Structures are given as structure tokens and as C-alpha cells.
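Each chain, letter by letter, is given below.
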Amino acid sequence: MIRAADMLIARRADTRARADFATWKMMAKLNGASSLPAEAQAFLASYRKLLEKMPDAEASEATINLMYKSYYAEMGGAGTAPEVPARPREPAADTGNVTAFRKLPPKPKPGASGPTTKPRLPVALIFACLVVVYVGIRYYLR
């Protein structure tokens, strides 16, 4: 019987194996495999050997399975690595390399007039009030 903790480790190991393999495979395509760690180079070498015997999809899955078992043991999984149920993949719509972006609707400005905004006093009225206050203070102090 598989414990929940082991299943959690199995999922993490599977996710890590798939991500690492995709990264390493892309690095190999870009001629950067020599900068990968020795473990990665060993897995890529086994992938190339499997690629001679079977199609790309099967060789990839076999290599990912080897990586998964290695990661499972490395992460502290007990016993043999359990079979991780495959997640259903959504078919990727091939629309090319172009992503269409929509223009967002414009946001209303916070200073715009509306039912909740206060009415603003005109500058001339404020100036007139200041003049009245100044003149009043001058006459009062005489």
C-alpha cells in the first residue's frame, strides 16, 4: 500500500523529472549540453541510445521514467517508485508564434466629475477671498 507522503514525493519527483528533461533537451538542442551537470549528461546519453531504438516520444517517456525513479529515491521515497497517474493534457491550439493581445478598456480618471466628487472652487473666487481677508486684517490693525 502506498502512503500519502510517498505519493506526494512521487508527484514532485515526476514533475521535477519532466521539467528537468525538457530543460536539458532544449539545452542540448542549443549546443549547451557541455555546461550541464554530469547527471544530466548521463541522462541525455541514455536518451540518445534509446532514441536509436525507438521513436522520440517513447524514448522521452523512458528517460523521464528513469529520471523519476532516481529523483524519487533522492527525495526520500520509501521502496520502489509508485506509478504516477498521467494528467490529462489539454490539446494545444497551434496558432503560430504570435499571441494576440487585447487592449484593456480605459480606466476612469479619479479626478473626473461624477456623483461622488466634490465641486471645486474656481481659482478667482479663492483669490478674491484672500484679498478680502488681507484688506480686512490691514484695516483692523490700523
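Since we're looking at a predicted model, the values are computed, not measured.

Q: Whenever I open this one, the overall build of the protein confuses me. Can you help?
A: Scanning the protein from terminus to terminus reveals 4 helices and 0 strands. Helices and strands in the protein line up, N terminus first, as α-α-α-α. Relative to its 142 residues, the protein shows a buried fraction of 20%. For the protein, the proportion of contacts with a sequence separation of at least 24, taken over those separated by at least 6, is 57%. Carbon together with sulfur atoms contributes 62% to the accessible area of the protein, which is approximately 12200 Å² in total.

Q: Just checking my understanding: could you explain helix H2 (residues 38-53) for this structure?
A: A turn of α-helix holds 3.6 residues, and therefore any two residues three or four places apart point the same way. The first and last C-alpha atoms of H2 sit 23 Å apart over 16 residues, in line with the 22 Å expected at 1.5 Å per residue. Where H2 is concerned, the buried positions are Ala 40, Phe 43, Leu 44, Tyr 47 and Leu 50. End-on view of H2: buried residues confined to an arc of 120°, all on one side of the axis. Seen from the buried face of H2, the exposed residues on the opposite side, beyond 90 degrees, are Ala 38, Lys 49, Glu 52 and Lys 53.

Q: Is there a simple way to explain the packing of aromatic side chains in this structure?
A: For any two aromatic rings, the description comes down to two numbers: the centre-to-centre distance and the angle of the planes. Overall, the coordinates contain 3 aromatic pairs when judged by the stated rule. Where Trp 24 meets Phe 43, the ring centres are 6.2 Å apart and the plane angle is 15°; that geometry is what we call stacked. Remark: Phe 43 occurs in helix H2 and Trp 24 occurs in helix H1 (residues 4-29); sequence separation between them is 19 residues. For the pair Trp 24 and Phe 43, one class covers both residues: buried. Cation over ring: Arg 16 sits above Tyr 71, and NZ or CZ is 4.0 Å from the ring centre.

Q: Looking at this structure, how should I read the environment of Glu 74?
A: Within the element layout of this structure, Glu 74 appears in helix H3 (residues 56-74). Considered as a pair, Glu 74 and Ala 13 are 61 residues apart in the sequence and their alpha carbons are 8.9 Å apart. Among all residues touching Glu 74, those that are not within four sequence positions of it are Arg 16 and Glu 39.

Calculation rules
- Residues numbered from 1 in each chain as written.
- Predicted model: local features only at pLDDT ≥ 70, side-chain atom pairs only at ≥ 80, totals over all residues.
- Heavy atoms only, no water.
- Helix = DSSP H or I, 4+ residues; strand = E, 2+ residues; numbered from the N terminus.
- Buried < 20%, exposed > 50% of the residue type's maximum accessible area, 1.4 Å probe, protein only.
- Contact = heavy atoms within 4.5 Å.
- Areas by Shrake-Rupley, 256 points an atom, 1.4 Å probe, with all protein chains shown as cover.
- Expected span 1.5 Å × (residues − 1).
- Arc of directions from axis to C-beta.
- Phe/Tyr/Trp six-rings, centres within 6.5 Å; stacked < 30°, edge-to-face > 60°.
- Lys NZ or Arg CZ within 6 Å of the ring centre and 35° of its normal.

Nothing here speaks to function; it is all geometry.
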